[in-house]
Amino acid sequence: VDPLKYFDEVYASDNKSIYIVDYHAELTLEKNLLAYYLDGRASLIYGTHTHVQTADETIYESGMGYITDVGMTGPKESVLGIEPSLAIKKMKYHIPVRFQNAEGRHVMNACLIDIDEKTGEVTPYDEAKKKECYDRMTKIKAKIDSGIDFSTVAQKNSDSQQTEFVFGKGDMEK
């Protein structure tokens, strides 16, 4: 599927104020290109697939938020979540290997984003907001550590007209 054409079709047939695009692509070039193409139409573009969080988060002049890759949530001492010895065996001997999830400490790479529901623009954070976000992520980590299923993707902020989306930034170890 051509992502440019697909977005054009969705955008033309919808009348939404917020468009969030998770672009699962291998190349940084593809993700950067899509960001420039959708600038002014999408609210947020975040990349996935490489499992390594990038440090290029930005808000375009149009108000669109962007990060090339949000990173991985899973075992820290692993090869993309896989037990390292198995990945090494597959690569070294060129044989089929049944992968198993790695054990041990986990990380949660995440980003906390505010999008104004009326304008569809990402709202920048000041230092106070960054601290508030850190405190919220700490609470989320505590819920995960206690075994509570955390599956909420968006949470309405009752004090404002914004919805907070948790999807990527910060190294939280389990």
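Right above here is the structure, for reference.
Computed from a predicted structure; not experimentally measured.

### Regarding the pairing of strand β1 (residues 20–24)
Part 1: Side chains of β1 alternate between two faces, with V21 and Y23 buried and I20, D22 and H24 left unburied.
Part 2: As a crossover connection, the stretch from β1 through helix α2 (residues 28–38) into strand β2 (residues 44–48) is right-handed.

### Description of α2
Part 1: Buried within α2 are the following residues: K31, L34, A35 and L38. Along the axis of α2, the buried positions cluster into a sector of 105°, meaning they face one direction only. For α2, exposure combined with an orientation more than 90 degrees from the buried face picks out L29 and Y36.
Part 2: Residues of α2 that are buried in the fold lie against α1 (3–13), β1, β2 and β4 (65–67).

### With respect to the nonpolar core
Part 1: Ranked by internal contacts, the top residues of the largest apolar core, which has 13 residues, are F7, V21, A35, L38, A42, I45 and M64.
Part 2: Mapped by element, the contributors of at least two residues to this core are β1 and α2.
Part 3: In terms of residues, this core owes the most to one element, α2, which gives 3 residues.
Part 4: When residues no more than four places from it in sequence are discounted, the contact partners of M64 are A35, L38, D39, A42, S43, L44, I45, T58, I59 and V122.
Part 5: If you look at the next biggest cluster of nonpolar residues, it comprises 8 residues, including Y46, I67, C111 and V122.

### A few points about the pairing of β2
Part 1: With 5 of 5 residues buried, β2 is to be regarded as a mostly interior element.
Part 2: What you see with β2 is no split at all: L44, Y46 and T48 on one side and I45 and G47 on the other are buried throughout.
Part 3: Note that β1 and β2 share 5 bridges and pair parallel. Residue pairing in the sheet places I20 in a bridge with L44 of β2.

### Some remarks on the sheet that holds β2
Part 1: Pairing is mixed in the open sheet, where 4 strands are placed in the order β1-β2-β4-β3. The sheet is open, and its two borders are formed by β1 and β3 (58–59), each paired with just one other strand.
Part 2: Direction of pairing for β3 relative to β4: antiparallel, over a ladder of 2 bridges. Opposite I59, over in β4, you have G65 as the bridge partner.

Cut-offs used in this document
Sequence positions are assigned chain by chain, starting from 1 and proceeding in written order. Where totals are concerned, whole chains, interfaces and linings use all residues; where local detail is concerned, this predicted model gives features only for residues with pLDDT of at least 70, and gives and counts side-chain atom pairs only at 80 or more. To obtain the side-chain values, all non-hydrogen atoms of the structure were used and water was disregarded. Burial here depends on accessible area, computed with a 1.4 Å probe over protein chains only, as a share of the maximum for the residue type. Under 20% is buried, over 50% is exposed, and the range in between is partly exposed. Each helix is a run of DSSP H or I of at least 4 residues and each strand a run of E of at least 2, with the numbering of both proceeding from the N terminus. Assignment of crossover handedness uses the view with strands pointing away from the viewer, where a clockwise path from the first strand over the helix to the second indicates a right-handed crossover. It is the directions from the helix axis to the C-beta atoms whose arc is reported. For this analysis, residues touch if any pair of their heavy atoms sits within 4.5 Å. To define a nonpolar core, start from buried Ala, Val, Leu, Ile, Met, Phe, Trp, Tyr and Cys residues and group those joined through side-chain atoms within 4.5 Å. Only when DSSP finds a minimum of two bridges between them are two strands counted as paired.

These figures capture arrangement, not role.
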